[in-house]
Amino acid sequence: MKKLLLISLLALAGCSTVIPVKMSFPQVPEELKKSCPALKEVDPATTKLTEVLKVVTANYGQYNECQVNLDAWIQWYDSQKKIFEEVQ
Amino acid sequence: MWQFSWMFNLIPDFILEYFVHATFLGGVVLTVLGAFADKFPFVGSYAKLARILGGILLVVGIFFEGALSNELRWKAQVAELESKIKVAEEKSQETNENIRVVVKEKIKVIKDVQVVIQDRIIEKEKIIDADCRVAPEAISILNDAARNVKGKQ
């Protein structure tokens, strides 16, 4: 009976999965998690060029923000990849 | 085999080392004593028992010496990897902080420029709108481009 208990204990040890070292996935800055909004549209009823200009320049600004975010994503990926490879 | 390793993990290193070395040394001592014990009159009758027990302890001791050495090497590797991961996680945090600061600054510059541009449009509104009237077709094309649709031809 005692031997049986000991063998069972050894066999049960086989059920556990030992992962001694765990590296957590790197967190992404919250600023980069925003998706790019849709482009603004010009009021179809307007005939004023300044109204068109306002929307177009706002869209340019929107594009510039998205460009900054995309560049930051690329930089984040490259840096994290380099850090990860240093651990291996 | 790795069950032994798993069980070793539960026992503090110094107790393990003490136990394994004691088993091995006990095996060596008993084997040596067993080899010469029959030459002495009073302990001669225990020679065979000492040889058997010594042999068993020696075999078990050698096995556990190997297992312990492997275990300690493994633990050292784990400790090294853990320290590397700690450094990597710190670097990762640092990189994130740098990226966060750079993005924040760049977005602020873009928004400031936007304000200036919008102000300039308002400032020159009369001049711009004086001689120019935008056709509805132009706006339709512009909005279709913004929506990324082909629209009416």
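All values reported here derive from a predicted model rather than from experimental measurement.

### Structural notes on the overall build of chain A
Of regular secondary structure, chain A possesses 2 helices and 0 strands. For chain A, the proportion of its 88 residues judged to be buried stands at 9%.

### Details of the overall build of chain B
Check the secondary structure of chain B and you find 5 helices and 0 strands. Along chain B, helices (α) and strands (β) appear in the sequence α-α-α-α-α when read from the amino end. Every one of the 153 residues in chain B was classed for burial, and the buried ones make up 11%.

### Looking at helix H5 (residues 136-147) of chain B
Across its 12 residues, H5(B) extends 16 Å between first and last C-alpha, which sits within 8% of the 16 Å expected from 1.5 Å per residue. After H5(B) finishes, the residue Asn148(B) shows a positive phi value of roughly 60°.

### Section: unusual backbone geometry
Unusually for a residue other than glycine, Asn148(B) sits at a positive phi of about 60°. As for its placement among the helices and strands, Asn148(B) is situated in the segment after H5.

### A word on the confidence of the model for chain A
Confidence in the prediction for chain A averages 83 pLDDT; 77% of positions are at 70 or higher. Within the model, the stretch residues 11-17 of chain A combines pLDDT values under 50 with 5 contacts to residues more than four positions away or in other chains.

### Section: the interface of chain B and chain A
A common measure of how large an interface is: the accessible area buried when the components associate. Contact with chain B, which involves 37 residues of that partner, is made by 42 residues of chain A. Of all the secondary-structure elements, those providing two or more residues to the side of chain B that touches chain A are helix H1 (2-10), helix H3 (47-123), helix H4 (125-130) and H5 of chain B. Per element, the largest residue contribution to the side of chain B that touches chain A is 22 residues, and it comes from H3(B). In the side of chain B that touches chain A, the residues fall into 20 nonpolar, 8 polar and 9 charged.

### Some thoughts on H3(B)
Its 77 residues place the ends of H3(B) 111 Å apart at the C-alpha level, agreeing with the 114 Å of an ideal helix rising 1.5 Å per residue. All of the buried residues along H3(B) are Ala50(B), Gly54(B), Leu57(B), Gly61(B), Glu71(B), Ser92(B), Asn96(B), Ile99(B) and Val103(B).

### Remarks on the packing of helix H2 (residues 13-37) of chain B against H3(B)
Residue and element names in this part refer to chain B. For the pair H2 and H3, the least separation of the axes is 7 Å and the interaxial angle reads 150°. On the basis of the axis angle, H2 is roughly antiparallel to H3. Crossing handedness for the pair H2 and H3: left-handed. Looking at the contact of H2 with H3 residue by residue, the class counts come to 17 nonpolar, 8 polar and 3 charged.

### Quick look at the environment of Val52(A)
Within the fold, Val52(A) resides in helix H2 (residues 49-87). Measuring from C-alpha to C-alpha, the distance between Val52(A) and Glu41(A) comes to 8.7 Å, with 11 residues separating the pair along the chain. With residues up to four places along the chain from it excluded, the contact list for Val52(A) reads Val42(A), Val134(B), Ile139(B) and Leu142(B).

Rules behind the numbers
Residues numbered from 1 in each chain as written. Chains lettered and ligands numbered in written order. Predicted model: local features only at pLDDT ≥ 70, side-chain atom pairs only at ≥ 80, totals over all residues. Helix = DSSP H or I, 4+ residues; strand = E, 2+ residues; numbered from the N terminus. Buried ≥ 20, exposed ≤ 12 C-beta atoms within 10 Å, placed from the backbone. Expected span 1.5 Å × (residues − 1). pLDDT = per-residue confidence, 0-100. Contact = placed C-beta atoms within 7 Å. Nonpolar A, V, L, I, M, F, W, Y, C, P; charged D, E, K, R; others polar. Axes fitted to C-alpha atoms, helices over the stretch in contact; angles between N-to-C directions. Parallel < 35°, antiparallel > 145°, perpendicular 65-115°, else oblique. Left-handed = near helix turned anticlockwise from the far one by under 90°.

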